[in-house]
Amino acid sequence: MATNDPGLPGGEQIIAPGPNTPVPGLPAVDGQTTQPGLTVTKPGAAPADPAVFNQPTVPQTALTTVQQGNIWGKRVPVIAVRNLTKTYILGKKTRVPALRGISLEVYPGEFVAVMGPSGSGKSTFMNLIGCLDRPTSGEYWLAGKLVSRLSSDELADIRNRLLGFVFQGYNLLGRASALKNVALPMVYAGLSARERDSRARKVLTLVGLGGRMSHKPAELSGGQQQRVAIARALVNGPSLLLADEPTGNLDSRTGVEIMAVLQALNDQGLTIVVVTHDPKVANYARRQVAFLDGRVVRDELVLAPRSAQEEWDSLAKAPSDGVKTQIEEELP
Amino acid sequence: MSRSTPPPAGRAVQPRATRLTKPLPPPVRESPLESILQQLHIRGRRPGTMVSASVGSALEAIWENRMRSLLTMLGIFIGVGAVIAALTLTQGASTYVTSRIESLGINTIIVYPGTSNNRGTSQGSGSVQTLTQHDVQSLANIPHVMAVSPIITVNAQVAYGSQNWSTTVEGVNTQFQSIQGWTIAQGLWFSNVDDLQGSSVALLGDTVAHNLFDASGANPVGQMIRIGTQVFRVGGVLAAKGSGQDDVVFVPFNTARIRLKNTTTVDQILVEADITNNVSQVQQSVITVLEQNHHIQRGASDDFGTITFVQFLQSSQQATQALTLLLVGIAAISLTVGGIGIMNIMLVSVTERTHEIGIRMSIGARRRDIRNQFLVEALVLCLAGAVVGTLLGLLIGFSVTTLFQFPFVVTTTTIALPVVVSVAITIIFGLYPAIQASRLDPIEALRNDE
């Protein structure tokens, strides 16, 4: 972490990332990567670099998405959807409109939570922006590409190169090691075995699993499995990380840990969209988009997003038994 | 995205304006992760990497279900093994028969006395002795005839000292040696003078020589033996020809005619044509000449018959072909059954691994990637079965041909045919499950969570 200079204007770090250079804000690999959460702040130990890991959220007082677009005017929105609709046809005459005209833009570096109860269309929306499905009508531009009318093979390429998925159930291949799971997207990208291996190692190290590369999912904890999934999502250098209830299968302590990883990635510029029904999870995001009955009913910036890292730090000090209830009590 | 330098603790709100006034030159704006992501960002696709990766994942999947894979492989294994065993066997048999016929002389025409037709009742071949020495001389004048030899056959007891052996004694002329391609291990073939004078000289086949002389260890050449009641001098011993042809004693034709059988007729005549292509022409001439000699009317049936080894060869080859077709047909059926087995298992595998297919699709597997993965898996199963089956087939083929003392013949076709057919069958039967897998909807597949 010596490379990090907290005094740099804008909190930016200019580091040439070599294969073993830990990215600031992400756990370092030091042989003790089994540490929960972001490894730099080990429980009981002094935070190695509080300036990086305990960053307060950026105030976003008067900003709207539109203004953000203006500020980074040269930047192409990662997601731009216009009048997106999706209607499921069940049987002969039953038509179920799941999305009734969504228009939305997500700019690079945003951390958006898509919220809504079940049936609100948020899952449909996720499938559409995840290029797993095609809209009934409307346009979807992903990183400047119109993807709403692509063939299924072209969508597969988009998923491979521009998108990274993190699912509730991790969705790792059970019989493959963490390394092989992370290398899998690169297989479909057509990289050589050697390059796959070195890249997968690099990214696994990035998410703090440098010491568990040969473990199979069954030999990893839920949080570790989700980190593998995050590494797999990152490995092809996506423009967008899509997380569908990423903490849904985790206890709240581990959930905070994973959110801290996501926040740290976002701090480093990764665009993230989290789909969740859980308002607590949504509060880690910087922007919340609420769905109801296939429409966006609310789209606002979070004035003071929760910092998962800080919460994890305080949790780390708490006794580990009865964790859940304590968290519920301690955290508003 | 970029955050301003925070105070070390707390969530102090920093005025946005401060941040906005800052110049944001691109290199500064790019965080380490962004540059990593940019490095990672995939641009090109290198062909061929999919294949090795598919083989790897196929091997994993097969190993995962070892027992099931083994049973699936068994179908192809048995099929390929059966085809190869059948092919080596029939090819060995065919080679054996061909070589035997060729050792008898492929250009040879055998003339045998015909059947007598006694009031409509056939008396069987050789029931009348119609061939004469005159016939032999006439046949020698036919164009394209290289050699002619009469044969008189006697079954007799041969004895040397206390050793006895019952064998076939054939009276032949000097040309007989070249017609049947006999080579002499010791001594000499008898001369024309021996034949004219009816000398008591005998040439022993390898089997006979061993049976008479092995016990005493004496050198057969020059020894006196008894054939029937007559005493003969051993003029030579023939080199072994194998395949049961060596249990024979040759004596000069006239010696046999006068001293062993006392007859004026000839049991068989061997006619050798100069080249194989002339055999049937010579055969026709032989028939014409003998019909003239025997005064056979037009339309009447001949009192002799001719046979050539070309016909033997053709009929034996036809028989082998029929046998090969039959065996390969049966083996093809078992290969097809093996292919159905592979299809069955692949369908099960696709159903079981729907979730995995969903995962692979979500991270960028195209339809053809999924299809190829399952196709490669089926092919790996098939090839593994085919390789083991090939070894087993060769082993069976080797043991059986050795048992029957056939030559062990393996051609490229023997191995290539079943392997190619099994691969083709696997592609045909494996394509359906693979396409099924590739057509899955990624969302549905992902939802299928064990």
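Trainee: Can you help me understand the overall build of chain A in this one?
Mentor: On a plain count of helices and strands, chain A comes out with eleven helices and ten strands. Going through the 332 residues of chain A one by one, you find that 53% of them count as buried. The long-range fraction of contacts in chain A, counting pairs at least 24 apart against all pairs at least 6 apart in sequence, stands at 68%.

Trainee: Which parts of the structure should I look at to understand the overall build of chain B?
Mentor: When you go through chain B residue by residue, the secondary structure sums to 16 helices and twelve strands. A burial count over chain B gives 40% of its 450 residues as buried. Put simply, 82% of the contacts in chain B that link residues at least 6 apart link residues at least 24 apart.

Trainee: Would you explain the nonpolar core in this entry?
Mentor: Generally speaking, soluble globular proteins have nonpolar side chains that are buried together. Within the largest apolar cluster, 134 residues are counted, with the highest numbers of intra-cluster contacts made by A:Val114, A:Val182, A:Leu204, A:Ala231 and A:Val273. Sorting elements by how many residues they give to this core places helix 5 (residues 66-105) of chain B first, with twelve residues. Discounting residues that sit within four places of it in the chain, A:Leu204 has contacts with A:Ala178, A:Leu179, A:Val182, A:Leu209, A:Gly210, A:Met213 and A:Ala231. Listed in part, the 51 residues of the second largest apolar core include B:Ile152, B:Val158, B:Val201 and B:Ala202.

Trainee: Help me understand the sheet that holds strand 4 (residues 137-142) of chain A, please; the structure alone is not making it clear to me.
Mentor: Sheet strands line up and pair through hydrogen bonds in the backbone, either parallel or antiparallel. All names here are of chain A. One open sheet holds the four strands; their spatial order is 2-1-4-5, and the pairing between them is antiparallel. Each edge of the open sheet is held by one strand with a lone partner, namely strand 2 (94-106) and strand 5 (145-146). Pairing of strand 1 (residues 79-90) with strand 2, which is carried by ten bridges, proceeds in the antiparallel orientation. Bridged to Ile79 within strand 2 is Val106.

Trainee: Is there a simple way to think about the packing of helix 5 of chain B against helix 14 (residues 367-403) of chain B in this case?
Mentor: For any two helices packed against each other, the geometry comes down to the angle between their axes and how far apart the axes lie. Residues and elements named next belong to chain B. Running from amino to carboxyl end, helix 5 crosses helix 14 at an angle of 35 degrees, the nearest separation of the two axes being 6 Å. With respect to the hand of their crossing, helix 5 and helix 14 are arranged in right-handed fashion. Looking at the contact of helix 5 with helix 14 residue by residue, the class counts come to 19 nonpolar, twelve polar and no charged.

Trainee: Just to check I follow, could you spell out unusual backbone geometry for this structure?
Mentor: Glycine aside, negative phi is the norm for most residues, and most peptide bonds take the trans geometry. You will see that A:Tyr170, though not glycine, has its phi angle at about 65 degrees, which is positive. Residue placement: A:Tyr170 occurs in the loop between strand 6 (163-166) and helix 5 (178-189). Residue classification places A:Tyr170 among the buried positions, given that 23 C-beta atoms sit within 10 Å. We note that B:Gln405 has phi near 60 degrees; this positive angle belongs to a residue other than glycine. With respect to the helices and strands, B:Gln405 occurs in the loop between helix 14 and helix 15 (412-438).

Trainee: What's the story with the packing of helix 5 of chain B against helix 12 (residues 309-352) of chain B in this structure? I'm lost.
Mentor: All names here are of chain B. Between helix 5 and helix 12, the least distance of the axes is 8 Å, while the angle of their chain directions is 175 degrees. With respect to helix 12, the axis of helix 5 lies roughly antiparallel. When its residues are assigned to classes, the contact of helix 5 with helix 12 shows 21 nonpolar, 14 polar and one charged.

Trainee: For this particular structure, what's the right way to read helix 6 (residues 133-140) of chain B?
Mentor: Every α-helix winds through 3.6 residues per turn, so residues three or four apart in the chain are directed the same way. Residues and elements named next belong to chain B. All of the buried residues along helix 6 are Asp135, Val136 and Leu139. Axial view of helix 6: buried residues confined to an arc of 100 degrees, hence all on one face. Turned more than 90 degrees away from the buried face of helix 6, the exposed residues are His134 and Gln137. Of the surrounding secondary structure, the elements contacted by the buried residues of helix 6 are strand 4 (145-160), strand 11 (268-273) and helix 11 (279-293).

Trainee: I tried to follow the confidence of the model for chain B on my own but got confused; where do I start?
Mentor: Low pLDDT marks regions whose predicted coordinates should not be analysed in detail. All names here are of chain B. Looking at chain B as a whole, its pLDDT mean stands at 82, while 85% of the residues score no less than 70. Ignoring residues within four places in sequence, the model shows residues 1-30, a span with pLDDT below 50, making 53 contacts including any to other chains. This complex was scored by the predictor with a pTM of 0.67 and an ipTM of 0.76.

Trainee: When you look at the confidence of the model for chain A in this model, what are you seeing that I'm missing?
Mentor: In the predicted model, chain A carries a mean pLDDT of 76, and the fraction of residues at 70 or more is 73%. Within the model, pLDDT remains below 50 along residues 1-73 of chain A, and this stretch shows 150 contacts once partners closer than five positions in the same chain are excluded.

Trainee: Any chance you could explain the sheet that holds strand 6 of chain A here in plain terms?
Mentor: Residues and elements named next belong to chain A. Taken in spatial order, the six strands line up as 6-7-8-3-9-10 in an open sheet, and their pairing is mixed. At either margin of the open sheet sits one strand with a lone partner, and together these are strand 6 and strand 10 (295-301). On average, each strand axis in the sheet is tilted by 20 degrees relative to the strand beside it, whichever way the strands run. Of the strand pairs in this sheet, strand 6 and strand 7 (residues 240-244) are connected by four bridges, and their pairing is parallel.

Trainee: Is there a simple way to think about helix 11 of chain B in this case?
Mentor: All names here are of chain B. Helix length check: helix 11, at 15 residues, gives a terminal C-alpha distance of 21 Å against a target of 21 Å (1.5 Å per residue), a fit within 8%. All of the buried residues in helix 11 are Val279, Val282, Gln283, Ser285, Val286 and Leu290. Considered in projection along helix 11, the buried side chains sweep an arc of 165 degrees and stay on one side of the axis. Projecting away from the buried face of helix 11 at angles above 90 degrees are the exposed residues Gln284, Thr288 and Gln292. Residues of helix 11 that are buried make contact with strand 1 (108-113), helix 6, strand 4, strand 11, strand 12 (304-308) and helix 12. Of the residues flanking the end of helix 11, it is His295, one or two places downstream, whose phi is positive at about 55 degrees.

Trainee: Honestly, the environment of B:Ile184 in this entry has me stumped. Any pointers?
Mentor: All names here are of chain B. Relative to the assigned elements, Ile184 resides in strand 6 (residues 184-187). Among the residues examined, Ile184 registers 15 C-beta atoms within 10 Å and is labelled partly exposed. Distance in space between the C-alpha atoms of Ile184 and Leu203 is 8.9 Å, their sequence separation being 19 residues. In contact with Ile184, other than residues within four places in its own chain, are Trp189, Gly236, Leu238 and Ala239.

Trainee: Honestly, the pairing of strand 9 (residues 230-238) of chain B in this entry has me stumped. Any pointers?
Mentor: Regular strands show a simple pattern: their side chains alternate between the two faces of the sheet. Residue and element names in this part refer to chain B. The pairing of strand 6 with strand 9 spans three bridges and is classified as antiparallel. Directly across from Ile184, in strand 9, lies its bridge partner Leu238. Strand direction decides the pairing type here: strand 8 (residues 224-227) and strand 9, joined by four bridges, are antiparallel. Residue pairing in the sheet places Ile225 in a bridge with Phe232 of strand 9. Hairpin connection between strand 8 and strand 9: a loop of two residues separates the two successive antiparallel strands, and Gly228 in this loop has a positive phi of roughly 60 degrees.

Trainee: Just checking my understanding: could you explain the environment of B:Val266 for this structure?
Mentor: Residues and elements named next belong to chain B. Summarising the element assignment, Val266 is placed in the loop between helix 10 (253-261) and strand 11. The exposure class of Val266 is buried, given the 24 C-beta atoms found within 10 Å. Ignoring any residue separated from it by four or fewer positions in sequence, one finds Val266 in contact with Leu131, Thr132, Gln133, Val136, Pro150 and Ile152.

Trainee: Where do I start with the environment of B:Ser191 in this structure?
Mentor: Residues and elements named next belong to chain B. As for its placement among the helices and strands, Ser191 is situated in the loop between strand 6 and helix 8 (192-197). The exposure class assigned to Ser191 is partly exposed, which follows from the 14 C-beta atoms found within 10 Å. Taking the C-alpha atoms as reference, Ser191 lies 9.8 Å from Val201; in sequence the two are ten residues apart.

Basis of the calculations
Residues numbered from 1 in each chain as written. Chains lettered and ligands numbered in written order. Predicted model: local features only at pLDDT ≥ 70, side-chain atom pairs only at ≥ 80, totals over all residues. Helix = DSSP H or I, 4+ residues; strand = E, 2+ residues; numbered from the N terminus. Buried ≥ 20, exposed ≤ 12 C-beta atoms within 10 Å, placed from the backbone. Contact = placed C-beta atoms within 7 Å. Core = buried A, V, L, I, M, F, W, Y, C linked by C-beta atoms within 7 Å. Pairing = 2+ DSSP bridges. Axes fitted to C-alpha atoms, helices over the stretch in contact; angles between N-to-C directions. Left-handed = near helix turned anticlockwise from the far one by under 90°. Nonpolar A, V, L, I, M, F, W, Y, C, P; charged D, E, K, R; others polar. Parallel < 35°, antiparallel > 145°, perpendicular 65-115°, else oblique. Arc of directions from axis to C-beta. pLDDT = per-residue confidence, 0-100. Expected span 1.5 Å × (residues − 1).

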